[in-house]
Amino acid sequence: MPRLVVIKGPMLGRSFELKGETAFVGRSLKNDIQIKDGAISRKHLKVFRIGKKYFVEDLRSTNGTMVNGEIITPGEGYEIEERDPVSIGHTVIRLDGISTGKGLGTDEFESRPARVYSNEEGQVPRERRSGSGKGLEMIYKVSELLKHSLSIDEFLEKVLEFISEALPRIDTSAILLYDIQEGQIKDVISNSKQGDGKAGVSYSRSVVDRVIREGKTIRMSNTTYEDPDSLSDSMSTLQLGSIMCVPMISNSQIRGVIYVDSFREAYGFRKEDLLLLNTLSGPLAVAIEKAMLTSQL
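Trainee: Outline the packing of aromatic side chains, listing residues and values.
Mentor: Here the distance between the centres and the angle between the planes together describe a pair of aromatic rings. Within this structure, the stated rule accounts for 2 aromatic pairs. Aromatic pair Phe-48 and Phe-55: ring centres 5.4 Å apart, planes at 15 degrees, arrangement stacked. For the pair shown, Phe-48 and Phe-55 are each scored as buried. Stacked on the ring of Phe-48, the Lys or Arg Lys-46 has its end atom at 5.0 Å from the ring centre. Positioned above the aromatic ring of Tyr-203 is the side chain of Arg-205, whose terminal nitrogen or guanidinium carbon lies 4.5 Å from the ring centre.

Structure (structure tokens):
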């Protein structure tokens, strides 16, 4: 059952089930969900569902609403995904229990930009952000790179260069290859603004291990609001603000992961950044599988 969870504020730890298609959130008892926070308006927020997607709409509140660190326009529905932090007053909430756990393919990358929905009847959805040009250029570069005869290390090093160019907020990026027979990471190709190369690059091993174990994408927009049990000591030591990690799967076997992080600021990555990595992960997995088969032969 989808539920709204308070992850920061006076009612920290409380959760509320979303039983219908619409729920109103605010300070007043007349709301479906009452949150006792003096900085929240009497009727502050609407959470609603269209099909399988969820949206939030600021009801012209006094102090506004932020999603993933970005202020949203009152009166318009903003699409959210599971674990996206939504800030209202001194409280931060998020939705849990709505993720399908399915990987995203190329079709979804092309058809699922972040969107705003107007309340006006017949209004056509419009993109909230543009800027996917660099991402499409990166995918084109990778497809061209596949035509050349390169070692797997050379190929992946180039891919990391393309990723860093497309996503300038990255501080560390890495492609970690997984040995299915031995059940462990066997190679790490990395790129860091603090020093390039395989040696000495730090990343969240707990996140990588979880993605390999579950075969599901992880995006942490702001590690401050994550469950402490899901964080490792290394993440606190590295002072990571936001993380994305995507599995590379071919023939139902995980071949490795694409990992990126940003410690300069939280909310370093947007939804379209995650979709871009998901789109890239399939072709990379196939290329890695072919390279492994060639080396075995």
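There is more to say, and it comes next.
Trainee: Would you mind going over the nonpolar core in detail, with residue names and values included?
Mentor: What tends to happen in soluble globular proteins is that the nonpolar side chains get buried as a cluster. By size, the foremost hydrophobic cluster in this structure holds 30 residues, and its most contacted members are Val-159, Ile-163 and Leu-284. Looking at this core, the element that brings in the most residues is helix α6 (residues 271-296), giving 9 residues. Ignoring sequence-local partners within four residues, the contact set of Val-159 consists of Val-142, Leu-145, Ile-175, Leu-280 and Leu-284. With 23 residues, the next largest nonpolar core counts Ile-35, Ile-40, Ile-80 and Ile-98 among its residues.

Trainee: Go over the pattern of salt bridges with me, naming the residues and quoting the values.
Mentor: Tallied over the entire structure, the rule returns 13 salt bridges. Notably, a salt bridge pairs Glu-21 with Arg-49, separated by 3.6 Å at the nearest N-O pair. Residue Glu-21 is located in the loop between β2 (15-17) and β3 (22-26), and its partner Arg-49 is located in strand β5 (residues 45-50); the two are separated by 28 residues in the primary sequence. For Glu-144, the salt bridge identified is with Lys-147, shortest N-O distance 2.9 Å. Through salt bridges with shared partners, one network takes in Arg-3, Arg-94 and Asp-96.

Quick notes on the rules
Residues numbered from 1 in each chain as written. Predicted model: local features only at pLDDT ≥ 70, side-chain atom pairs only at ≥ 80, totals over all residues. Heavy atoms only, no water. Phe/Tyr/Trp six-rings, centres within 6.5 Å; stacked < 30°, edge-to-face > 60°. Buried < 20%, exposed > 50% of the residue type's maximum accessible area, 1.4 Å probe, protein only. Lys NZ or Arg CZ within 6 Å of the ring centre and 35° of its normal. Core = buried A, V, L, I, M, F, W, Y, C linked by side-chain atoms within 4.5 Å. Helix = DSSP H or I, 4+ residues; strand = E, 2+ residues; numbered from the N terminus. Contact = heavy atoms within 4.5 Å. Salt bridge = Lys/Arg side-chain N within 4 Å of Asp/Glu carboxyl O.

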